[in-house]
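Notes for the structure review
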Amino acid sequence: MRICFYALREYDELAYCEKCKEEFGIDYVYTGYYPSLENAALAKGCEAVSMTPCDMSAELVEAFHSIGVKYITCRSVGYNHVNLEKAKELGMRVSNATYPPDGVANYTIMLMLACLRKLPHILKRVELQDFSLKDKIGKDISSCTIGVLGTGKIGATVIQHLSGFGCKILAYDSYQKDSIKGLAEYTNFETLLKESDLITLHMNATNANYHIVCNESIAKMKEGIVIINTARGNLIDSDALIQGIQSGKIGAAGLDVLENEDGLYYYNRIGKVLVNETLAILRSFPNVVLSPHTAFYTEEDVAGMVQSCFESLYAFEQGEPTTHEIKF
Ligand code: COI
């Protein structure tokens, strides 16, 4: 058995591949490049291909299938980048990664605190030796009502960890988890929008959730609302977000993900002209904290991502069920 790893990072993922190779008796080949029609042939002789989020178009899925690849094992929880219709049509199986939700959940809370306490603005002024207090006043998280949209693994962990801060927590999800009912109050969507001081997004990037934060939903939020997104960029309509910040309706935003981040995040673009107006405008705001999709980036999570691919291929080939498999 063999996996072809695309976009593999030698400096952090390779050691885990070596470890899993021994553990599972599964071989691998790799490249640092994302998969494309030009480099698909690298996967010849492999049962599975693995990649981090990138455009796994119908054409590319077909190209892999035509050289004998049977499985697509995503090194990410999200799998919306894979053309599942094509995979299904060709009988290919798809899996995603499992890693502890704590890393993303704790990073989310870090962004909440950074936004509420204006930390990036304070640190920038320290660089300039401006130690005055004017315009640095923050809001304490303990006095806030936090709205959590989506209570899957990460949303539920945010709620658990946040409960120690003493804030009021509202939650919205179509499926309600008993385990968090004592820590958060499930409400309907409208109530969460209306009553929260800070809203954090932990939903999947489905068609139904596309631009869930838009002009209409922002209008229903409190004045000065703080928005945090460590899930997927397209949950937020970027133009509506920018307008909301410019009008003052949105008081701050902590964004680990952006619409159209592909081709930008995870590349070193020092000294280059970036053609991304959304990013340029957001970067100019003192009340926006931007990070390049790094909420997941911990040793624990990277280990889990690599291991999930080996586990998936092993289970698929042994005919065993695996929780990594995406049912579609
Ligand atoms: C995911 O696991 O879905 C992530 O967002 C992290 C990924 C970019 C590696």
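This write-up is about the structure you can find in this document. From a predicted model like this one, the values you see are computed outputs, not experimental measurements.

**Here we look at the overall build of the chain**
Across its full length, the chain holds 11 helices and 12 strands. Against the compact-globule benchmark of 20 Å for 328 residues, the chain has a radius of gyration of 21 Å, which places it among compact chains. By principal-axis analysis of the C-alpha atoms, the chain measures approximately 65 × 50 × 35 Å. Looking at the chain as a whole, 51% of its 328 residues qualify as buried. Residue pairs at least 24 apart in sequence account for 67% of intrachain contacts in the chain once pairs closer than 6 positions are excluded. When the accessible surface of the chain is totalled, it reaches about 16000 Å², and 52% of it is carbon and sulfur. For the chain, the distance from the average position of its 30 positive side-chain charges to the average position of its 41 negative side-chain charges is 4 Å.

**Brief notes about the site of the ligand**
If you check the shell around the ligand, you find Pro 53, Arg 75, Ser 76, Val 77, Gly 78, Tyr 99, Arg 232, Tyr 266, His 293, Phe 296 and Met 305 and nothing else. Gly 78 places a main-chain nitrogen or oxygen 2.8 Å from an oxygen atom of the ligand. In this structure, an oxygen atom belonging to the ligand sits 2.7 Å away from a side-chain N or O atom of Arg 232. Calculation on the ligand without its partners gives an accessible area of 280 Å², and the protein chains cover 93% of this total.

**Thoughts on the state of the cysteines**
This structure, assessed with the given rule, holds 0 disulfides. Cysteine Cys 54 remains unbridged, with the sulfur of Cys 74 as its closest cysteine sulfur at 8.5 Å. Given a relative accessible area of 8%, Cys 54 falls into the buried group.

**Some thoughts on the sheet that holds strand β3 (residues 48–51)**
Pairing is parallel in the open sheet, where 5 strands are placed in the order β2-β1-β3-β4-β5. Of all strands in the sheet, those with a lone pairing partner are β2 (27–30) and β5 (93–95), marking the two edges. The mean inter-strand angle of the sheet, taken between neighbouring strand axes irrespective of direction, is 20 degrees. Here 3 bridges tie strand β1 (residues 2–5) to β3, and the two strands are oriented parallel to one another.

**Side note on the environment of Phe 296**
Along the chain, Phe 296 falls in the loop between β12 (288–290) and α11 (299–318). Between the C-alpha atom of Phe 296 and that of Leu 183, which follows or precedes it by 113 residues, the distance is 24 Å. The residues touching Phe 296, leaving out its near neighbours within four places in the chain, are Arg 9, Tyr 99, Val 104, Tyr 266, Asp 301, Val 302 and Met 305.

**Quick look at the side chain of Thr 52**
You can see Thr 52 is positioned in the loop between β3 and α2 (58–66). Overall, the relative accessible area of 8% leaves Thr 52 in the buried class. Those residues in contact with Thr 52 that lie beyond four places of it in its chain are Ala 7, Arg 9, Tyr 34, Arg 75 and His 81.

**Quick notes on the sheet that holds strand β8 (residues 185–186)**
A sheet is described by the order of its strands in space; here 7 strands give the open sequence β8-β7-β6-β9-β10-β11-β12, paired in parallel fashion. With one partner strand each, in any of the chains shown, β8 and β12 form the two edges of the open sheet. The pairing of strand β6 (residues 145–149) with strand β9 (residues 198–201) spans 4 bridges and is classified as parallel. Bridge assignment links Val 148 to a residue of β9, and that residue is Thr 200. Packing of helix α4 (residues 102–116) onto the sheet brings it into contact with β6, β9, β10 (225–229), β11 (250–255) and β12, and relative to β10 it is tilted by some 150 degrees.

**Description of the nonpolar core**
The biggest cluster of nonpolar side chains holds 34 residues, and the ones touching the most others in it are Met 112, Ile 146 and Leu 162. At the level of elements, α4, β6, α6 (153–162), β7 (168–172), β10 and α11 are the ones that each hand at least two residues to this core. Residue contributions to this core peak at 9 residues, all from α4. Counting residues in hydrophobic clusters, the runner-up holds 31 residues, among them Leu 235, Ile 236, Ala 240 and Leu 255.

Rules used in this analysis
- Residues numbered from 1 in each chain as written.
- Predicted model: local features only at pLDDT ≥ 70, side-chain atom pairs only at ≥ 80, totals over all residues.
- Heavy atoms only, no water.
- Helix = DSSP H or I, 4+ residues; strand = E, 2+ residues; numbered from the N terminus.
- Rg over C-alpha atoms; globule rule 2.2 N^0.38 Å.
- Buried < 20%, exposed > 50% of the residue type's maximum accessible area, 1.4 Å probe, protein only.
- Contact = heavy atoms within 4.5 Å.
- Areas by Shrake-Rupley, 256 points an atom, 1.4 Å probe, with all protein chains shown as cover.
- Lys, Arg positive; Asp, Glu negative; His and termini not counted.
- Charge placed at Lys NZ, Arg CZ, Asp CG, Glu CD.
- Near = heavy atom within 4 Å.
- Polar contact = N/O pair within 3.5 Å; in protein donor to acceptor, adjacent residues only side chain to side chain.
- Disulfide = S-S within 2.5 Å.
- Pairing = 2+ DSSP bridges.
- Axes fitted to C-alpha atoms, helices over the stretch in contact; angles between N-to-C directions.
- Core = buried A, V, L, I, M, F, W, Y, C linked by side-chain atoms within 4.5 Å.

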